[in-house]
Amino acid sequence: MKIYDKDISRRQFIKVTAGAAGAASLSNVAHAADKKQKRSATDRVTLGKSGLVVSRLAMGTGSQNGKVQRQLGQDGFNALVQYAYDQGITFFDTAENYPGMHDMLGIALKGFDRDKIQIQTKMPWWKSPNPQKELDRYRKQLNSDYFDTLLIHCVTTPDWDDTQKYIMDFLMEAKEKQLVKAPGVSIHGRLPLKTATLDDWGDVRMVRINHVGASMDVAAQGEQPDVNAIVANVKKMHDSGKGIIGMKLIGNGKFKDPQLRKDAMKFVMGLDCVDAVSIGFKSPAEIDEAIGNMNTYLNI
């Protein structure tokens, strides 16, 4: 078969075929760009300017202060941690203040490649007079030489950066010793949130955030949460380079209606100032739902 005939010159043929190839190439580039831009719950994301990379979704272990997870028993909890990891979740969130959860998570993660997972725990300022002693105990309980993030847990007063300065200084020293990669603070209240917005200490801020303000921060008991004001503060912290981890996305377990959980996820995934989120789970179905909702609303 002739490549061209009397009605099509060689120059025209080259022009046409080059144009077709170019269009195909542009189409491939566009397709690759679309594929590249698609985001998921299990993406590896960087927490602010900390340089620490975690999975966008973390598995929390503190539902009702860990009661929900403890009721699974060690074997059930082990299976749930393994399931989360198999789905791509590599970030595990716990705390000293969740009774027994350090030990349970340490057992559940035994045998995991430490370089492929990230562990976050939290130090309760109200019962940690000797931070070094506490950190050494955490390391033993969780079978880990270091922590990816270690937060001052549940600051509730506007002067936390003064009253907890001894822990703040200790965590920065621990970072220098590579015992903690990214120190930070877990915030419970509008006044300590304001302080965290103004204070440049640390790398990470864990904040309570959802679309209706359930279990979110107020300045005084009985006050209604101002979601817009909270988001504005979170954005300021993120813009300053702090890694932002969202919590209470499903209202501390209060959102029993699946649509409420979808709306909450849509709201938080639509923000440009939340790097990762932590959700407490008790079943594979809950993990699947959270991943599905995140994947949907990360890409609308």
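Everything that follows concerns the structure shown earlier in this document.
If you're wondering where the values come from, they're calculated on a predicted model, not measured in any experiment.

Chemist: Help me understand the overall build of the chain in this model?
Modeler: Summing up its helical and strand segments, the chain has 11 helices and 10 strands in all. Here the chain holds 300 residues, and the buried ones make up 48% of them. Long-range contacts, defined here as pairs at least 24 residues apart, represent 74% of the contacts in the chain between residues at least 6 apart. As displayed, the chain has an accessible area near 15000 Å², and 52% of this comes from carbon and sulfur atoms.

Chemist: For this particular structure, what's the right way to read the pattern of salt bridges?
Modeler: Between side chains of opposite charge, a pair can form as their charged atoms come close. Tallied over the entire structure, the rule returns 15 salt bridges. Across the salt bridge formed by Lys122 and Asp93, the nearest N and O atoms sit 2.6 Å from each other. One end of the pair, Lys122, is in strand E5 (residues 118–124); the other, Asp93, is in strand E4 (residues 91–93), with 29 residues separating them in the sequence. Through salt bridges with shared partners, one network takes in Glu96, Glu134 and Arg137.

Chemist: Please clarify how the side chain of Thr61 should be interpreted in this entry.
Modeler: Within the secondary structure layout, Thr61 lies in the loop between strand E3 (57–60) and helix H2 (67–70). At 2.9 Å, the side chain of Thr61 and the backbone oxygen of Asp93 are in polar contact. Reaching out from Thr61, the side chain makes a polar contact with the side chain of Thr94 at a distance of 3.0 Å. With near-sequence residues (within four places) excluded, Thr61 lies in contact with Gly66, Gln69, Phe77, Asp93, Thr94, Tyr98 and Met101.

Chemist: Is there a simple way to think about the pairing of strand E6 (residues 147–155) in this case?
Modeler: Two faces belong to every sheet, and in a regular strand the side chains alternate between them. Across the 9 residues of E6, 9 count as buried, placing the element largely inside the fold. One crossover worth recording links E5 to the parallel E6 by way of helix H5 (residues 131–141), and it is right-handed. Pairing geometry for E6 and strand E7 (residues 180–187), over 6 bridges, is parallel. Note on E7: the bridge partner recorded for Val155 is Ile187.

Chemist: Could you clarify how one ought to interpret unusual backbone geometry in this entry?
Modeler: When glycine is set aside, most residues are seen to have a negative phi, and most peptide bonds are trans. Even without a glycine there, the phi angle at Cys154 is positive, about 55°. Unusually for a residue other than glycine, Ser215 sits at a positive phi of about 55°. Considering the arrangement of structural elements, one finds Ser215 in the loop between strand E8 (204–208) and helix H9 (227–239).

Chemist: Explain the packing of aromatic side chains here, please?
Modeler: In this description, an aromatic ring pair is defined by two values, namely the gap between the centres and the angle between the planes. Throughout the structure, instances matching the rule amount to 3 aromatic pairs. Centre to centre, the rings of Trp125 and Trp126 are 5.5 Å apart; their planes meet at 85°, and the pair counts as edge-to-face. Here the aromatic rings of Trp160 and Trp201 are separated by 6.5 Å at their centres, their planes lie at 70°, and the arrangement is edge-to-face. Highlighted residues: Trp160 in helix H6 (residues 160–163) and Trp201 in the loop between helix H8 (190–198) and E8, separated in sequence by 41 residues.

Cut-offs used in this document
- Residues numbered from 1 in each chain as written.
- Predicted model: local features only at pLDDT ≥ 70, side-chain atom pairs only at ≥ 80, totals over all residues.
- Heavy atoms only, no water.
- Helix = DSSP H or I, 4+ residues; strand = E, 2+ residues; numbered from the N terminus.
- Buried < 20%, exposed > 50% of the residue type's maximum accessible area, 1.4 Å probe, protein only.
- Contact = heavy atoms within 4.5 Å.
- Areas by Shrake-Rupley, 256 points an atom, 1.4 Å probe, with all protein chains shown as cover.
- Salt bridge = Lys/Arg side-chain N within 4 Å of Asp/Glu carboxyl O.
- Polar contact = N/O pair within 3.5 Å; in protein donor to acceptor, adjacent residues only side chain to side chain.
- Right-handed = clockwise from strand over helix to strand, strands pointing away.
- Pairing = 2+ DSSP bridges.
- Phe/Tyr/Trp six-rings, centres within 6.5 Å; stacked < 30°, edge-to-face > 60°.

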